[in-house]
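Structural features, examined
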Amino acid sequence: MWGGRFSGKPAELMQAINVSIGFDRRLAAQDLAGSRAHAAMLRSAGVISSDDEAAIQGGLAAIDAEIAAGTFPFRDEFEDIHMNVEARLRELIGPTAGRLHTARSRNDQVALDFRMWVREACERSLGQVEALQRALLAKAEPHADAVMPGFTHLQPAQPVTFGHHLMAYVEMFGRDATRFRDAAIRMNESPLGAAALAGSPFPIDRDMTAKALGFARPTANSLDSVADRDFALEALAAATICATHLSRLAEEIVIWMTPQFGFVKLSDAFTTGSSIMPQKKNPDAAELVRAKVGRLLGSFTQLTVVMKGLPLTYSKDMQEDKVPTFEAFDALELSLLAMAGMVADLQPDREKLKTAAGAGYSTATDLADWLVRELNLPFRDAHHITGAAVKRAEALGVALPDLPLADLQGLDKRITPAIYGVLTPEASVASRKSYGGTAPDQVRAQITRWKELLA
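First, a word on scope: everything that follows refers to the structure included in this document. Predicted model only: the values in this text are computed from it and were never measured. Per chain, residues are indexed from 1 in the order of the written sequence. Only residues with pLDDT of 70 or above have their local features reported here, since the model is predicted, and side-chain atom pairs are shown and tallied only from 80 upward, although totals for entire chains, interfaces and linings are computed over all residues. To obtain the side-chain values, all non-hydrogen atoms of the structure were used and water was disregarded.

1. What about the overall build of the protein?
- Within the protein, the secondary structure is distributed over 18 helices and six strands.
- Radius of gyration: C-alpha atoms only; globule rule: 2.2 Å multiplied by the number of residues to the exponent 0.38. The C-alpha radius of gyration of the protein comes to 30 Å, more than 25% above the 23 Å expected for a compact globule of 455 residues.
- Reported as C-alpha extents along the three principal axes, the dimensions of the protein are approximately 100 × 55 × 40 Å.
- When a residue's accessible area, from a 1.4 Å probe over protein chains only, is under 20% of the maximum for its type it is buried; when over 50% it is exposed; and in between it is partly exposed. In the protein, which comprises 455 residues, the proportion classed as buried is 48%.
- Surface summary for the protein: the accessible area is close to 21500 Å², and the carbon and sulfur share equals 55%.
- By the counting rule applied here, Lys and Arg register as positive and Asp and Glu as negative, while His and the ends of each chain are not counted. Just so you know, the charge point we use is NZ for Lys, CZ for Arg, CG for Asp and CD for Glu. If the 49 positive side-chain charges of the protein are averaged to one point and the 56 negative ones to another, these points end up 2 Å apart. Strands here mean DSSP runs of E at least two residues long; helices mean DSSP runs of H or I at least four residues long; both are numbered from the N terminus. Working definition of accessibility: Shrake-Rupley area with a 1.4 Å probe, residue cover restricted to the visible protein chains.

Right, here's the structure in full:
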C-alpha cells in the first residue's frame, strides 16, 4: 500500500509486530458498513461516478457474504482488516476499488470502526445489565419479607430482608446501565472524513456519512477525531465498575453458600465438584465472575498507559487499543450472562436466614429507638442503656428478646413489657418504613418502580 515510497519488504520481525489482522478482523462488519457509507457519500458528492459506486457496493456485498460464509481469505501480508478488505475488493472489481479510499485514511477508518464496535458493545452490555436486573427483581419479589441479617464489617448489624438485599444490586446495576448509556451518547460522533489528521480537500459530506452510520453528528476537530480513544477508555471504566458490582455479588454468593452461613443454594447447573473430595459442591461460576474484574481493570489500565504520553495525532501505539477492549467486553458479557443465570438459580433458605437475622443482638438499635420514642430519652443515653442491656444478655447467654424484664428495668425502671414488641427481626424490618428502607412494603414499592423503569 506504500510501495511507491518503499522498495524493500519489511523484515519478518517487523511484519510480526506490525500485523493486526489476527485480532482486528473482529471489526469486519464495522469496516464494511463504513465503506458502504463512504462510497455512497463520494458518489453523492460527485467525487466518484455512479458506475464506480455500484461496482464498489457490489464488491463489498460479495466480501460481506464471504466473511459470513467463512471463506474470506484473511491474509497477514495485508496487515489489518482495512487493507484486507481493500485488497480483496481489488481482486473482485479491479482498479475501481482504489477509488474507495479517496478522502479517507486508515486513521479515520480505524477510529470509525473501533468507535462503532465499542458503541455496539455498550449497547449489548446495557441489554445484559437490564436482563440481570430483571432476574434480580424476579428473585427479590417473592422474598421481599424474608428476614436476614444485614451486615457491617461482615458482623450482624440490623435485620433486613433478602428482597431488600437483592434490590441493592438492582440499584448498582442501574447506575452501570446509565454509565453505558452516557458513554454511548458521548461517543456517538463520526470521525469519518477527518482523513489522516487534517481533513480532506474533496467536497465530502460528513453529515451524510454520520447519519448513515447512526451517529448524531460528525466530530468537530480532525486532529481529535483520529487521536481520541476516550470513548474506549470511558466504556472500559464503565465495564470495570460493572464488573466490580458483579464481583461483590459473586463474593456474597460464595460466602452465603458455605455451611457456616447456609443462606442459599445453587443447583448443579452453576456448581462443580472435586476430583478427590466427593462431598464438595463448589460455587465455581461465582468465583470465576469474581475474578473477571481483574481482567477488566487490567484492560482499562493497559489502554490508559498506552494513551497517557501520546502526542497528537495518531501513533502506532494505538493499535494496542483493541485487544484489551475486546477481551474486557468478552469477559463482561460472559460474567453478566453467568450472574443472571445464577440469580435465577439461587434458592434462599428462609429459615436459616430468619435464624441468622436475630443473631448478634441485631435488634439492639430497635431497643434504643424504643427508648427514645417511648421514654423521650436522648439517643446517646438510649444507646448507653442498650449497650448495657446487650452486655447483660451476653452474660446470661440469651438473646435480647429473651432478656428478663427485671434486668431491663434495672437499667431504666420506666421500661415496660411493650418493649418486647420491637425486639424480633420481623418487627425490626417492619418498622423501617422510610423511603428506601427494608420494610417489605417499601421493598415491594421499589420492585414495582424498577419493573416500570425496565418495561
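Additional details are given in the paragraphs that follow.
2. Some details on the pattern of salt bridges
- For salt bridges, the criterion is a side-chain nitrogen of Lys or Arg within 4 Å of an Asp or Glu carboxyl oxygen. On inspection of all chains with the given rule, the structure shows 30 salt bridges.
- Measuring nitrogen to oxygen at the nearest pair gives 3.4 Å for the salt bridge that ties Lys354 to Glu426. With a gap of 72 residues between them, Lys354 in helix H13 (residues 350–357) and Glu426 in helix H17 (residues 425–431) connect regions that are remote in the sequence.
- When its relative accessible area of 40% is taken as the criterion, Lys354 is described as partly exposed.
- Relative accessible area serves as the criterion here: at 33%, Glu426 is assigned to the partly exposed category.
- Through salt bridges that share partners, Glu66, Arg75, Arg88 and Glu91 make up one connected network.

3. Considerations on a nonpolar patch on the surface
- The grouping of Leu197, Leu223 and Leu312 at the surface amounts to a nonpolar patch, some 280 Å² of accessible area in total.
- Structurally, Leu312 can be placed in the loop between helix H11 (284–307) and helix H12 (322–345).
- By relative accessible area, which is 66% here, Leu312 ends up exposed. Two distance rules govern patches: like charges are joined within 9 Å, and nonpolar side chains (Val, Leu, Ile, Met, Phe, Trp, Tyr) within 5 Å, applied only to residues with over 30% relative accessible area and no salt bridge.

4. Some details on the packing of aromatic side chains
- Stacked, edge-to-face and tilted labels apply to pairs of Phe, Tyr and Trp rings (six-membered ring for Trp) whose centres lie within 6.5 Å, assigned for plane angles under 30 degrees, over 60, and everything in between, in that order. As enumerated under the stated definition, the model contains 10 aromatic pairs in all.
- Seen from their ring centres, Phe114 and Phe326 are 6.4 Å apart, and the 85° between their planes marks the pair as edge-to-face. Here Phe326 lies in helix H12 and Phe114 lies in helix H6 (residues 106–140), a separation of 212 residues in the sequence. Comparing Phe114 with Phe326, the two get one shared label, buried.
- Put simply, the rings of Phe114, Trp117, Phe180, Phe231, Phe326 and Phe329 touch in pairs and so form one group of aromatic residues.
- The rule for a charge over a ring is simple: NZ of Lys or CZ of Arg within 6 Å of the ring centre, and within 35 degrees of the ring normal. The ring of Phe326 carries the charged tip of Arg26 above its face, separated from the ring centre by 4.7 Å.

5. Observations regarding H11
- Its 24 residues place the ends of H11 36 Å apart at the C-alpha level, agreeing with the 34 Å of an ideal helix rising 1.5 Å per residue.
- The set of residues buried in H11 consists of Ala285, Ala286, Val289, Leu296, Ser299, Leu303, Val306 and Met307.
- Working rule for contacts: check all heavy atoms of both residues, and any pair within 4.5 Å makes them a contact. Summarising the contacts, the buried residues of H11 are in contact with helix H9 (222–227), helix H10 (230–256) and H12. Expected span, for any helix, means 1.5 Å times one less than how many residues it has.

6. Here we look at the side chain of His245
- Residue position: His245 is located in helix H10.
- For His245, a relative accessible area of 8% translates into the label buried.
- Setting aside chain neighbours within four positions, we find His245 in contact with Tyr169, Met172, Phe173, Arg175, Asp176 and Arg179.

7. What to know about the environment of Thr363
- The residue Thr363 is located in the loop between H13 and helix H14 (364–375) in this model.
- Considered as a pair, Thr363 and Arg186 are 177 residues apart in the sequence and their alpha carbons are 48 Å apart.

8. Considering the pairing of strand E2 (residues 155–161)
- DSSP bridges decide pairing: two strands pair if at least two such bridges lie between them. Bridge count for strand E1 (residues 147–152) against E2 is five bridges, and the pairing is antiparallel. By the bridge assignment for E2, Val147 is matched with Thr161.
- The antiparallel pairing of E1 with E2 creates a hairpin that spans two residues between the two strands, and His153 there sits at a positive phi of about 60°.

9. A closer look at the packing of H11 against H12
- Here H11 crosses H12 at 155°, and the two axes come no closer than 9 Å. Relative to H12, the element H11 is oriented roughly antiparallel. Crossing handedness for the pair H11 and H12: left-handed. For the pair H11 and H12, the contacting residues are Ala285, Ala286, Val289, Lys292, Arg295, Leu296, Ser299, Gln302 and Leu303 in the first and Pro324, Thr325, Glu327, Ala328, Ala331, Leu332, Ser335, Ala338, Met339 and Met342 in the second.
- For the contact of H11 with H12, the class distribution of residues is 12 nonpolar, four polar and three charged. Axes, fitted as lines to C-alpha atoms, cover a helix only where it is in contact. Angles between the N-to-C directions of the axes lie from 0 to 180 degrees. Angular relationships are summarised with four words: roughly parallel below 35 degrees, roughly antiparallel beyond 145, roughly perpendicular across 65 to 115, and oblique for the angles in between. The hand of a helix crossing depends on one turn: near helix anticlockwise from the far one by less than a right angle means left-handed, and clockwise means right-handed. Gly is put with the polar residues, along with every residue not named as nonpolar or charged; the nonpolar set is Ala, Val, Leu, Ile, Met, Phe, Trp, Tyr, Cys and Pro, and the charged set is Asp, Glu, Lys and Arg.

10. Some remarks on unusual backbone geometry
- A cis amide bond, omega 10°, links Leu312 with the succeeding residue Thr313.
- The phi dihedral of Glu79 is positive, around 75°, even though this residue is not glycine.
- Take Glu79: it is sitting in the loop between helix H4 (50–69) and helix H5 (81–93).
- A positive phi is found at Tyr361, a non-glycine position, where the angle reads about 55°.

11. With respect to the side chain of Thr271
- Inspection of the secondary structure assignment puts Thr271 in the loop between strand E5 (264–265) and H11.
- On the basis of relative accessible area, Thr271 is assigned to the buried category, the value being 11%.
- A distance of 2.9 Å separates the side chain of Thr271 from the backbone oxygen of Ser267, its partner in a polar contact.
- Aside from chain neighbours lying at most four places away, what touches Thr271 is Met257, Leu266, Lys281, Asn282 and Pro283. Any N or O atom pair separated by 3.5 Å or less is treated as a polar contact, with the protein-specific requirement of one donor-capable and one acceptor-capable atom, and with residues adjacent in sequence counted only for side-chain atom pairs.

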